[in-house]
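Residue strings, one per chain:
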Amino acid sequence: MTRLCICGGGSLGLVTAGVLAQQDGVEVNLLTSKPSEWSKEIKVSDLNGKLYQGHLHIISDQAEQVIPQSDIILLCVPGFLIEKTLRDIASYITTQAVGSIVSSTGFFFRAHEIFDNKTALFGFQRVPYIARVAEYGHTAQLLGYKTQLYMAIENLPDSFATQWGTWLNTPVAALHNYLEAALTNSNPLLHPSRLYGMWHDWTPAISYPTQTKFYADWDELSAETYIACDNEFQTLTRVLGIHIPSVLEYYESHDAASLMNKLRSIEAFKMILAPMKQTESGWVPDFESRYFTEDFPFGLQLVKDLALQHDIVTPTIDRVLTWGKQLIGDYERK
């Protein structure tokens, strides 16, 4: 029996817990700040009607009640909670493997600071699923699968990654360097580029009659911005000696127009809406969304910091990052 502990109760935590808890030989525990709002029986459904039903063994907001009783710890928390969560569990880590559902918001950098160099660490390059909560702590929707997943591992055999492929019903391959997972041109570049494309000229006086579709309404400016950010990102990866497929390569595109059409056409993405909230005057950007609170300060900022360390010029990343941080700062000062 493998005992897994999910840390975090958001959409990814719920969906991942549901999928894992249905697997034979897997026992799932949960560390969450809201244990009273969780059911021990959870259900996750996908777009094809497949239903995952799982039982949670221990649900607690106390690390000492779940971490020592688990063999593998998986963080499913936003970037701003990575360091806090790792510090909360650190004193209970002995031989457990500690990992993160996504590595691009600083997981490996924080883990290297907090744990010794013998600790088993792992982190996914991209999240396994597109996930949405239906009823918090009870049910969720799995809106999209990946065809292949990649995982960085330290002090663990390659078979560890392979085992995750069995549990998640998706092949998982081990990467050669943690930086290949810690750095990605997915959400940390994709989300800010799209937000900039939609709202680069937004002011508090502007509202919209409807909620924009994040992917289905993708425009050419967003695609151009994404490609330009990725070109600067690729300069960084070459200096670091790692390979991460370019945005155009990953999405099988050759220019901004084809990338725009590709992103618009992905079936699993079509229902995803832009982070907006409704006001009396109409729809406006939602600066409390993780697209703002995570992908600028804990995603794109990480890329910028590493570029600075290696004297790499990043004019497009600078423009997008400055714009996003200014909007977030203006909102927080209200």
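This structure is a prediction, so every number in the text was calculated from the model and none was measured. Residue numbering note: each chain is counted from 1, following its sequence as written. In keeping with the model being predicted, local features are shown solely for residues with a pLDDT of at least 70 and side-chain atom pairs are shown and tallied solely at 80 or more, while totals for entire chains, interfaces and linings include all residues. The side-chain numbers reported here are obtained from all heavy atoms of the structure, hydrogens and water having been left aside.

Here we come to the pairing of strand 1 (residues 2–7). In this scheme, strands are said to pair when DSSP sees at least two bridges between them. Numbering of helices and strands runs from the N terminus; a helix is a DSSP stretch of H or I covering at least four residues, while a strand is a stretch of E covering at least two. When strand 1 meets strand 2 (residues 26–31), the two strands line up parallel, connected through six bridges. Bridge pairing in strand 2 links T2 to V26. Regarding the hand of the β-α-β motif, the stretch spanning strand 1, helix 1 (residues 11–21) and strand 2 is right-handed. Relative to strand 5 (residues 72–75), strand 1 is paired through four bridges, and the arrangement is parallel. Opposite I6, over in strand 5, you have L74 as the bridge partner. Here a crossover is taken to be right-handed if, once the strands point away from the viewer, the path from the first strand over the helix to the second is traced clockwise.

Before going further, it helps to spend a moment on unusual backbone geometry. Even without being glycine, N155 reaches a positive phi, approximately 60 degrees. Mapping N155 onto the fold places it in the loop between strand 10 (149–154) and helix 5 (158–168). The backbone of E252 shows a phi angle near 50 degrees, a positive value even though the residue is not glycine. Within the secondary structure, E252 sits in the loop between helix 9 (247–250) and helix 10 (256–265). Any residue under 20% of the maximum accessible area for its type is buried, any over 50% is exposed, and the rest in between are partly exposed; the area is computed with a 1.4 Å probe on protein chains only. According to the relative accessible area criterion, E252 is exposed, its value standing at 68%.

Turning our attention to the nonpolar core. Joining through side-chain atoms within 4.5 Å is the link that ties buried Ala, Val, Leu, Ile, Met, Phe, Trp, Tyr and Cys residues into a set, and such a set is a nonpolar core. Membership of the largest hydrophobic core comes to 78 residues, with the highest contact counts inside it found for I67, L86, I89, V98, W199 and F214. Ranked by size, the runner-up nonpolar core spans 41 residues in total, among them V19, V26, I59 and M151.

The next subject is helix 8 (residues 220–240). Taking 1.5 Å per residue, 21 residues should reach 30 Å; helix 8 reaches 30 Å between its end C-alpha atoms and fits that length. Three or more residues of helix 8 are buried, namely S222, A223, T225, Y226, I227, C229, D230, E232, F233, Q234, L236 and T237. One or two residues past the end of helix 8 sits G241, with phi positive at roughly 80 degrees. By this rule, a helix spans an expected 1.5 Å times one less than how many residues it contains.

With that settled, consider the sheet that holds strand 7 (residues 120–124). Spatially, the eleven strands line up as an open sheet ordered 8-9-3-4-2-1-5-6-7-10-11, and their pairing is mixed. This sheet does not close on itself; its edge strands, each paired only once, are strand 8 (129–135) and strand 11 (172–174). Neighbour-to-neighbour, the strand axes of the sheet open up by a mean angle of 30 degrees, direction not taken into account. Across five bridges, the pairing between strand 3 (residues 41–46) and strand 4 (residues 51–60) is antiparallel. By the bridge assignment for strand 4, E41 is matched with H55. Here, residues are in contact when the closest pair of their heavy atoms is within 4.5 Å. An axis is simply a line fitted to the C-alpha atoms; with a helix, the fit covers only the stretch in contact. Between two such axes, the angle follows the N-to-C directions and lies from 0 to 180 degrees. Against the sheet, helix 4 (residues 107–114) engages strand 6 (97–100), strand 7 and strand 10, with an angle of about 170 degrees to strand 7.

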